[in-house]
Amino acid sequence: MTTVQTTYPGSFLAGAEHRNATVQAARTAFTTWSELAVSRRGEILGRAAHHVEQHLDELIPLLTREQGKTLRDSRIEITKAIDTLMHYVGLSKALRGAHAPNLDPGVEGYVLRRPLGVVGAIVPWNFPTTLLCNKLAPALIAGNTVVAKPAATTPLTTLRFAELLAQGGLPEGVFGVVTGRGSEAGTALVTHPQVRKIAFTGSTPVGEQIMALAARGTKRVTLELGGSDPMIICDDADLSAAASAASMGRFYNCGQACLAIKRVYVFESVADEVIEAVVAKARRLKVGRGDAPGTQMGPMHTAGGRDEMAAQVSGSVDAGGELLTGGGPPSDPELADGFFHEPTVVLDPPHDSPMAVEEVFGPALPIWRVADLDEAIFRANSSPFALGSSVWTRDLARAREAAQRIEAGYTWINSRTKVYDELPFGGWKSSGYGKEHGIEAFDFYTETKSVVLGAG
Ligand code: NAD
């Protein structure tokens, strides 16, 4: 039996009745699901994930159609989402509490780990399936049930994903989906009395609103919010590899990624070489429809997002930055109707201009020349965001210093900015609260209880 309603007459906006029924179904399912042996939950989720995998060729074009990304990027995303499910299936046997012997003569203590209940998972449109599975996998393995709310502009892949999981054997009510606008369906999920935790990925202002709303009812939250990740390129780095990582890190998914590289600080003595390489790569990228053969960068997701980024670029150039390439829509008349934007590079905009202080959520990269590592770290840390960061150097002492001193939840050294399921991921400062990925994610989907076993 399927748990997911996939036909919404006339629209994809679920009403209050459907929302309440979905949360209620999740609450009912929680009793049985949480009492299953954890290895059994792993088996069930593993089989369901395998069923989703059999339908990759259907999900990939669906994601491209609703999100805009290239077919290649949709394949990478959905494959990664399934990998994450399987990672936590593998970790199911590692979910443990703790034991403290001899607290007093004949007295011992142990620490139980219990699931929270119904988890609301609210995700944005840029990576609808991976951002969902980052929450779904640890939440379900830990014994919770989940109700997801995808972005209003990307409900299709999530609905089909949920339907496939149900067909693959996930029991009724364990995972449900409610669709609709954030201000309505999202808020209703956050404030629903049966929802015990909100796992949210999205913008910082909305994350702050959710944190405030969740305070009523003392609900748990995990917040994966905005970023403005700095990349530092030292004079002893492999400059060609660093330039490739900058281009890939900024223009992947048309720049619409939380951990995209959004600020580059390069040592003055090697700046010209790096800038030339990054600009050449930006100019070579083939922009086009996500489903057209050979496209390397698709359109932006919405006209509003494109206009906001264009204003940040023009504001930074007007303030004194130098536009090195891009700066507007491509000239190809075939692309006149979509929300396309050329890969854009701006040199040395003022440090208080929009590209320096705001999150730029599109294909536009500011590059600054800096004197040394001290200045680069100072600039890197001068943002309210602190999600990811990267440093390129062959000097171990510099790498260690950067890893110690950069304020961020992740530092990649001489590496492209790939997120691993094995390592905890989550921002500091205005980039969020809590961790996803890693065995640490279980801490955010469970409560512990200390039990003392007396001698009497
Ligand atoms: P957004 O905050 O506008 O929306 C995200 C989700 O929240 C959507 O499902 C939306 O419908 C819902 N929502 C909106 N208002 C709500 C409200 N008042 N109550 C409850 N739910 C509400 O985010 P966006 O602009 O669509 O996404 C881009 C942002 O997400 C960027 O800032 C990006 O950096 C961030 N992001 C962060 C991560 C991370 O892991 N840190 C990953 C991807 C994206």
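Residues numbered from 1 in each chain as written. Predicted model: local features only at pLDDT ≥ 70, side-chain atom pairs only at ≥ 80, totals over all residues. Heavy atoms only, no water.

**Considerations on the sheet that holds strand β4 (residues 145-149)**
Across a sheet, strands are paired by hydrogen bonds formed along the backbone, either parallel or antiparallel in direction. Spatially, the six strands line up as an open sheet ordered β5-β4-β3-β6-β7-β17, and their pairing is mixed. Pairing within the sheet leaves two strands with one partner each, and these edge strands are β5 (175-177) and β17 (432-433). Here strand β3 (residues 118-122) pairs with strand β6 (residues 195-201) via five bridges, running parallel. For V118, the partnering residue across the bridge sits in β6 and is V195. (Pairing = 2+ DSSP bridges. Helix = DSSP H or I, 4+ residues; strand = E, 2+ residues; numbered from the N terminus.)

**Observations concerning the site of the ligand**
Near the ligand, the surroundings consist of 28 residues, among which V123, W125, S203, L225 and E359 are the closest. In this structure, an oxygen atom belonging to the ligand sits 2.9 Å away from a side-chain N or O atom of K149. One of the backbone N or O atoms of L225 is found 2.8 Å from a nitrogen atom in the ligand. Across the complex, the protein chains shield 87% of the 850 Å² of accessible surface that the ligand would expose by itself. Broken down by secondary-structure element, the contributors of at least two residues to the shell around the ligand are α7 (182-191), β6 and α8 (204-215). Its residues assigned to classes, the shell around the ligand comprises 15 nonpolar, ten polar and three charged. Inspection of the shell around the ligand shows a minimum of three residues originating in each of domain 1 (16-225 + 431-454) and domain 2 (229-420). (Near = heavy atom within 4 Å. Polar contact = N/O pair within 3.5 Å; in protein donor to acceptor, adjacent residues only side chain to side chain. Areas by Shrake-Rupley, 256 points an atom, 1.4 Å probe, with all protein chains shown as cover. Nonpolar A, V, L, I, M, F, W, Y, C, P; charged D, E, K, R; others polar. Domains from an automatic or database assignment.)

**Points about the domain arrangement of the protein chain**
When the parts come together, some accessible area is lost, and that loss is often what is quoted as the size of the interface. The domains assigned to the protein chain are domain 1 (16-225 + 431-454) and domain 2 (229-420). With 21 residues of domain 1 in contact, the opposing surface of domain 2 contributes 20 residues. Taking both partners together, domain 1 and domain 2 bury about 1600 Å²; carbon and sulfur atoms supply 56% of that area. Taken as a group, T70, W125 and S431 account for 29% of the area that domain 1 buries against domain 2, more than any other trio of residues on that side. Run the count over domain 1 and domain 2 and you get zero salt bridges. (Contact = heavy atoms within 4.5 Å. Buried area = accessible area lost by both parts, 1.4 Å probe. Salt bridge = Lys/Arg side-chain N within 4 Å of Asp/Glu carboxyl O.)

**Things to note about unusual backbone geometry**
For T218, which is not glycine, the phi dihedral falls at a positive 45°. Here the phi dihedral of D348 falls at roughly 50°; this positive angle occurs in a residue that is not glycine.

**A closer look at the packing of helix α13 (residues 373-380) against helix α14 (residues 396-405)**
Direction vectors running N to C along α13 and α14 enclose 25°, while the axes themselves pass 11 Å from each other. With respect to each other, α13 and α14 are oriented roughly parallel. As α13 packs across α14, the resulting crossing turns out to be right-handed. Contacts from L373, D374 and I377 in α13 reach R398, E401, A402 and R405 in α14. Looking at the contact of α13 with α14 residue by residue, the class counts come to three nonpolar, no polar and four charged. (Axes fitted to C-alpha atoms, helices over the stretch in contact; angles between N-to-C directions. Parallel < 35°, antiparallel > 145°, perpendicular 65-115°, else oblique. Left-handed = near helix turned anticlockwise from the far one by under 90°.)

**Remarks on helix α2 (residues 38-53)**
Taking 1.5 Å as the rise per residue, α2 with 16 residues should run 22 Å; its terminal C-alpha atoms sit 22 Å apart, in good agreement. Turning to α2, its buried residues number three or more, namely R41, G42, I44, L45, G46, A48, A49 and V52. (Expected span 1.5 Å × (residues − 1). Buried < 20%, exposed > 50% of the residue type's maximum accessible area, 1.4 Å probe, protein only.)

**Some points on the pairing of strand β8 (residues 229-233)**
Most of β8 is tucked away: five of the five residues are buried. Residues D229, M231 and I233 line one face of β8 and the alternating positions P230 and I232 line the opposite face, and both faces are buried. For β8 and strand β14 (residues 390-392), the ladder comprises three bridges, and the chain directions are parallel. Looking at β14, one finds that I232 is bridged to V391.

**What about the pairing of strand β11 (residues 344-347)?**
Neither face of β11 is left uncovered, since the one carrying T344 and V346 and the one carrying V345 and L347 both have all their residues buried. Taken together, the three bridges between strand β10 (residues 322-325) and β11 define a ladder with antiparallel strand orientation. Counted as the bridge partner of T325 is V345 from β11. Where β11 lies against strand β12 (residues 364-370), four bridges are found, and the strand directions are parallel. Bridge pairing in β12 links L347 to I367.

**Considerations on the nonpolar core**
If you look at the biggest cluster of nonpolar residues, it comprises 52 residues, and the most contacted ones within it are M231, I232, I233, V264, V278, V345 and I367. Looking at which element gives the most residues to this core, the answer is helix α10 (residues 268-284), with seven residues. Setting aside chain neighbours within four positions, we find I232 in contact with Y265, F267, L373, A376, I377, A380, S390, V391, W392 and I406. The next biggest cluster of nonpolar side chains, apart from the first, holds 44 residues, and it includes A48, A49, Y88 and V174. (Core = buried A, V, L, I, M, F, W, Y, C linked by side-chain atoms within 4.5 Å.)

**Quick look at the packing of helix α3 (residues 56-67) against helix α6 (residues 156-167)**
At a minimum axis distance of 8 Å, the contact between α3 and α6 shows a crossing angle of 155°. Compared by their axis directions, α3 and α6 come out roughly antiparallel. Of the residues in α6, those in contact with E58, L59, L62, L63, R65 and E66 of α3 are L156, T157, R160, F161 and L164. Partitioned by chemical class, the residues of the contact of α3 with α6 number six nonpolar, one polar and four charged.

**A short note on the pattern of salt bridges**
Under the criterion given, the structure shown has 22 salt bridges. Between E447 and R220 there is a salt bridge whose closest N-O contact spans 2.8 Å. Residue E447 is located in strand β18 (residues 446-453), and its partner R220 is located in strand β7 (residues 220-224); the two are separated by 227 residues in the primary sequence. The salt bridge partner of E407 is K429, with a shortest N-O separation of 2.6 Å. With E407 in the loop between α14 and β15 (412-413) and K429 in strand β16 (residues 428-429), the pair connects residues that are 22 residues apart, well separated along the chain. Note on K429: relative accessible area 39%, which makes it partly exposed.

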